[in-house]
Amino acid sequence: MPPFTRYTLVGACAFALLLASGEQGRAQTSGDHQYTSADIEAGSRVYASDCRLCHGPAGARVDGVDLRLGQFRRAVSDEDLREIITTGLSSSRMPAFDLLPAELDGLVAYIRAGFDPSGVAVKVGNVARGQALFEGRGDCSGCHRVNGQGPRTAPDLSDIGAIRTPAALQRALLDPGSALLPINRPVRAVTRAGETIRGRRLNEDTYTVQLIDSDDRLRSLVKADLVEYEVSRTPTMEPTTLSGEEVADVIGYLLSLRGMQ
Amino acid sequence: MKPVQRSWLLSLVMGGVLVSGPLAAQVSYDRILSASDEPQNWLTYNGDYSSQRYSGLDQITPDNVDDLELQWMLQDQTFGAWQSNPIVVDGIMYITERPNDVMAVDAVTGRVFWLYRHTPSEDASVCCGANNRGVAILGDKVFMGTLDARLIAIDRINGQPLWDIEVADVNLAYSITMAPLIVKDKVIVGVGGGEFGIRGFIAAYDADTGEEAWRFYTIPGPGEPGHDTWEGDDWAHGGAPVWITGSYDPDLNLTYWGVGNPGPDWNADQRPGDNLYSDAVVALNADTGELVWHFQFTPNDGYDYDSVQVPVLVDMDWNGVASKLMLWANRNGYFYVLDRVTGEFLSGTPFVKVNWSSGLDENGRPIPTPQPPGSPTWPGNQGGTNWYPPSYSPRTGLFYFAAWEDYATIYEKEESIYRPGRSFLGGGFTVLAPVPGAATIGIGRTTPINNWTDEVGHGTVMAMNPHTGELAWKFEQFDVSDSGMLTTKSDLLFTGGREGHFHALDAWTGELLWKASLGGQIVMAPITFMVEGKQYVSVISGHTLVTFALRD
């Protein structure tokens, strides 16, 4: 019999309660980080009158652009979107639109909400400012690696913008515990020889576990050779203390990370 | 070619014939009837008519199991989950691979004598992969059901097709994935298509000619008893497929079959009524196909709780009376004991967390407790267990099966319109995950990396005491398991799982005695056989059929 008891079941039940109580991830996010439903509603009217003819009802009629899914040719941040809408693109057929600030905010909100009036429209800030925060005060690069730079302690984020929605990134920043994927939970193992190994799992089965340890080494451990083995539900990462604007900037930077192009 | 070489070649061929010649008796019905008297062979999908998957071989024991070593491997050249179960007759193994290949293999070396390939119609539709679970054998013929719902008889010596008949209309999405069952002179099969609005049935065919002898519809037609458990024309496309091989009691002349889910799968509101004989076991007269009794596990099922488990037939004392029983760990999370003479419900107990029902009444009918929309249901869609063949050891008196624990799904129902041959699902489901967007358990392994972890469910080998409904022991795995069970007279239990570990456990205690990491998911049941005094154990992991025996 495997020598380890299961200790993660309580958590699964806790999540069941969360689910029963409604869509998780919405209630806990504050207004600073996302647009209001009134913004989204206003944006849907602007879209219908000014944008739908070319971009289509589902937002995917222009090659290489899917507004509803957040796929753009150039834009990453909300700022980029505002600029393209208000100045147009001479290199394509995108004209310039003269919108009121509230209309412009609404349109960006409608796009960020995935055209869903009841959706979540996370604010996406400035990429360069986001990168500065990521590498500086946000203290992200102390654990996360991007494009070959930084430690491998936490998951590599080089392609995170291609595999996460803005809402998921926001959740990870504000409440990492609710966003930490099971496989990424920190593990601690103590061998018979007394060595303590900390790291992040890559794979696990009944008898063994494969991980990256805190010294960036690939380790494969046989559970029967361990005297202690713990998987923690508490992420190493603390909820961010950055402001709403700054979180939007970091999200903007993360969304710009699309992996090797 | 010079004469001398010819005769040299001839003697080689003769030599080959001589090796298997003295043993190559026909597989008569009497031999299948007494299959447990020749444990060196594995004559049916489930080993014998009782489907206990218990072997009388005892050369490999708890004391020497450490000396198991690789004998040979056979690689599947077609790929996809390999769910097939070999049968072995006098040193020759008959095994299918995707979609509908049959091979005759030397069971000692793993080298292939012949391969018969049936290419199914491109119109074939299956929910869950181009699976085939094996063949049946009678006389000089091997029988295979096909993905395009045909039944084919093949010469077991040279691999030539002898007859090939349509069992059902492929354009209505009928298919056959199970290994047929031979009873007397008939070949019995059931049909798949429970996700496509078929009307399920079990049918028997003359083994010599392929002529249909009888057909039992698993949904009663107008005027038949049970028809009133359906409304309107729901019965005509209500599913109730049969995709796992049944069992047979020769004394009662009854053949037992587990019936699958009603359709559309997840919207029970769309088909009011009990929906007989979906999610039931039916006992049929083996000569006529006449229904003798039935027992329904999950009336008006909205959870896809197919009752396609193998009916395991056991003779044992029940409350001090020698009884003919049927043991059944159901996908719905309950373990049942039934009287297989009458179909009477004797006991039922949950073996995993169950919240779709608060218990069973005195007749074994579940008390439904449907969960609010958006809330998780235990067990989840793949069930507390599923089609993975269980085993019963008459020595330990325990019933062994693969269970999924801590696994739940959230169902969504919607109205589906029946269109012939098209999906008819009535909604869908998601697996309960601890974190939004986390990876969850899929229908099979597609990668060697487990990034969903045991937090969304894990596998357990359960050793059930049928008298108490309590576990004698359980053996836990990190990932879930679709592996069947094999027990032996030497009290070994062989089983696998999606991780690709092949384990030998002590059947009394569950202690791990030996294991081999074979590297691919094990989604069938191991078998054992003996050739020239040497016991072998075969199992399929990933795309490889692996055979072990003791070191010489």
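Since the model is a prediction, treat every value here as computed from it, not as a measurement.

Analysis parameters
Residues numbered from 1 in each chain as written. Chains lettered and ligands numbered in written order. Predicted model: local features only at pLDDT ≥ 70, side-chain atom pairs only at ≥ 80, totals over all residues. pLDDT = per-residue confidence, 0-100. Contact = placed C-beta atoms within 7 Å. Pairing = 2+ DSSP bridges. Helix = DSSP H or I, 4+ residues; strand = E, 2+ residues; numbered from the N terminus. Axes fitted to C-alpha atoms, helices over the stretch in contact; angles between N-to-C directions. Core = buried A, V, L, I, M, F, W, Y, C linked by C-beta atoms within 7 Å. Buried ≥ 20, exposed ≤ 12 C-beta atoms within 10 Å, placed from the backbone. Domains from an automatic or database assignment. Parallel < 35°, antiparallel > 145°, perpendicular 65-115°, else oblique. Nonpolar A, V, L, I, M, F, W, Y, C, P; charged D, E, K, R; others polar. Arc of directions from axis to C-beta.

Student: Whenever I open this one, the confidence of the model for chain B confuses me. Can you help?
Tutor: Caution is warranted with low-pLDDT regions, since their predicted coordinates should not be read in detail. All names here are of chain B. Residues at a pLDDT of 70 or more form 96% of chain B, whose mean pLDDT is 94. This model gives residues 1-23 a pLDDT under 50, and the stretch forms six contacts once residues within four places in sequence are excluded. Across the whole predicted complex the pTM is 0.85, and at the interface the ipTM reaches 0.83.

Student: Honestly, the sheet that holds strand 6 (residues 112-117) of chain B in this entry has me stumped. Any pointers?
Tutor: All names here are of chain B. Spatially, the four strands line up as an open sheet ordered 3-4-5-6, and their pairing is antiparallel. The open sheet is flanked by strand 3 (87-89) and strand 6, the only strands paired with a single partner. When strand polarity is set aside, the average angle formed by the axes of neighbouring strands in this sheet is 20 degrees. Examined bridge by bridge, strand 4 (residues 92-97) and strand 5 (residues 101-106) share six bridges and lie antiparallel to one another. Note on strand 5: the bridge partner recorded for threonine 96 is valine 102.

Student: Any chance you could explain the nonpolar core here in plain terms?
Tutor: Nonpolar side chains tend toward joint burial in soluble globular proteins. If you look at the biggest cluster of nonpolar residues, it comprises 206 residues, and the most contacted ones within it are Tyr94(B), Val135(B), Ile137(B) and Val187(B). Counting contributing residues, this core receives three or more from each of domain 1 (10-28 + 125-180 + 237-256) and domain 2 (34-112) of chain A. Sequence-distant contacts of Ile137(B), defined by excluding residues within four places in its chain, comprise Val27(B), Leu43(B), Ile87(B), Val89(B), Tyr94(B), Val142(B) and Arg156(B).

Student: Just checking my understanding: could you explain the pairing of strand 2 (residues 196-204) of chain A for this structure?
Tutor: Walk down a regular strand and you will see the side chains alternate between the two sheet faces. Residues and elements named next belong to chain A. Pairing of strand 1 (residues 186-191) with strand 2 involves five bridges; the strand directions are antiparallel. Directly across from arginine 188, in strand 2, lies its bridge partner arginine 198. Pairing of strand 2 with strand 3 (residues 208-213) involves five bridges; the strand directions are antiparallel. Considered in strand 3, the bridge of arginine 200 is made with isoleucine 212. In sequence, strand 2 turns back onto strand 3 through a hairpin of three residues.

Student: What am I meant to see in helix 7 (residues 166-174) of chain A here?
Tutor: Given 3.6 residues per turn, any residue in an α-helix points the same way as the ones three and four places further on. All names here are of chain A. Counting buried residues in helix 7 gives seven out of nine residues, a clear majority hidden from the surface. Among all positions of helix 7, only Pro166, Ala167, Leu169, Gln170, Arg171, Ala172 and Leu173 are buried. At its buried positions, helix 7 is contacted by helix 4 (101-112), helix 8 (176-179) and helix 9 (244-256).

Student: Just checking my understanding: could you explain the sheet that holds strand 9 (residues 150-155) of chain B for this structure?
Tutor: The strands making up a sheet associate through hydrogen bonds between their backbones, and the pairing can be parallel or antiparallel. Residues and elements named next belong to chain B. Read across the sheet, four strands follow the order 7-8-9-10 without closing on themselves; strand pairing throughout is antiparallel. Edge positions in the sheet fall to strand 7 (136-138) and strand 10 (161-166), since each has one partner strand and no second. Across the sheet, the mean angle from the axis of one strand to that of its neighbour is 20 degrees, orientation sign disregarded. With five bridges joining them, strand 9 and strand 10 adopt antiparallel strand pairing. What sits directly across from isoleucine 154, in strand 10, is proline 161.

Student: What am I meant to see in the packing of helix 5 (residues 127-135) of chain A against helix 9 of chain A here?
Tutor: Pairs of packed helices are described in terms of their axes, by the angle between the two and the distance that separates them. All names here are of chain A. With their axes 7 Å apart at the nearest point, helix 5 and helix 9 run at an angle of 100 degrees to one another. Of the possible angle classes, the one that applies to helix 5 and helix 9 is roughly perpendicular. When helix 5 is examined against helix 9, the residues Val127, Arg129, Gly130, Gln131, Leu133 and Phe134 are found in contact with a partner set consisting of Glu246, Asp249, Val250, Ile251, Gly252, Tyr253 and Ser256. Of the residues that constitute the contact of helix 5 with helix 9, the class distribution is six nonpolar, four polar and three charged.

Student: Can you walk me through the environment of Asp106(B) in this structure?
Tutor: Residues and elements named next belong to chain B. Here aspartate 106 lies in strand 5. Residues aspartate 106 and aspartate 90 lie 16 residues apart in sequence; the distance between their C-alpha atoms is 9.8 Å. In this view, aspartate 106 contacts Ile92, Arg111 and Phe113; residues no more than four positions away in its chain are not counted.

Student: Looking at this structure, I do not really get helix 3 (residues 78-87) of chain A. What am I missing?
Tutor: Residues and elements named next belong to chain A. Of all the positions in helix 3, only Asp78, Leu81 and Ile85 are classed as buried. Looking straight down helix 3, one finds its buried side chains confined to an arc of 60 degrees; they lie on one side. Those residues of helix 3 that are buried are in contact with helix 4.

Student: Can you walk me through the pairing of strand 30 (residues 470-476) of chain B in this structure?
Tutor: Residues and elements named next belong to chain B. As paired elements, strand 29 (residues 458-465) and strand 30 share six bridges and run antiparallel to each other. Along strand 30, the bridge assignment pairs methionine 462 with lysine 474. Linking two consecutive strands that pair antiparallel, namely strand 29 and strand 30, is a turn of four residues; a positive phi of about 70 degrees is found at glycine 469 within it.

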